[in-house]
Amino acid sequence: MARTGRVYVLRDPDGNMVYTGSTEDPYRLTRHRNQCKTDGLASPLYRYANENHGGMADYAEETVATVALPEDDEQAKALLRGLESLVIRGIRQAHPDIQLKNKNSPCCEHAPNR
């Protein structure tokens, strides 16, 4: 069976891009919403959502890239992380006014520290 991964952005109820992630999980937004309810301090994204919108109920997910993944788990993770990193850097470079709530990149961008 072919594996598919995707990179997505989350938009808050005001339409602002607030987070970028990658996953194979078709229900990732539902999992974000549930974790935001049960552990609202777990990440900057959840803190922002709770403080500004009372949770993530009205957040929307937008797929920005889809990719066929290799069967090897490590290769698949590396491919998704790399694609996610490109999207994060692209958003930050093209739109410096957008404050993504990602607390870091999906992988360390400083090669000697990897």
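No experiment lies behind these values; they were computed from the predicted model shown.

Okay, the overall build of the chain next. Each helix and strand counted, the chain has 3 helices and 3 strands in total. Along the chain direction, N to C, the helices and strands of the chain fall in the order β-β-α-α-β-α. A buried classification covers 38% of the 114 residues belonging to the chain. Of the contacts made within the chain by residues no fewer than 6 positions apart, 54% connect residues no fewer than 24 positions apart. Carbon together with sulfur atoms contributes 48% to the accessible area of the chain, which is approximately 7000 Å² in total.

Two side chains of opposite charge can pair, provided their charged atoms sit close to one another. Scanning the entire structure with this criterion turns up 5 salt bridges. A salt bridge links Arg-6 to Glu-61, with the shortest nitrogen-to-oxygen separation between them at 3.1 Å. In this pair, Arg-6 sits in strand 1 (residues 3-11) while Glu-61 sits in strand 3 (residues 60-69), placing the two residues 55 residues apart along the sequence. Of the residues examined, Glu-61 reaches a relative accessible area of 27% and is grouped as partly exposed. Note that Glu-62 is salt-bridged to Arg-11, the shortest N-O span being 2.8 Å. Of this pair, Glu-62 sits in strand 3 while Arg-11 sits in strand 1, placing them 51 residues apart in sequence. Salt bridges linked by common partners bring Arg-3, Glu-24 and Asp-73 together as one network.

Cut-offs used in this document
Residues numbered from 1 in each chain as written. Predicted model: local features only at pLDDT ≥ 70, side-chain atom pairs only at ≥ 80, totals over all residues. Heavy atoms only, no water. Helix = DSSP H or I, 4+ residues; strand = E, 2+ residues; numbered from the N terminus. Buried < 20%, exposed > 50% of the residue type's maximum accessible area, 1.4 Å probe, protein only. Contact = heavy atoms within 4.5 Å. Areas by Shrake-Rupley, 256 points an atom, 1.4 Å probe, with all protein chains shown as cover. Salt bridge = Lys/Arg side-chain N within 4 Å of Asp/Glu carboxyl O.

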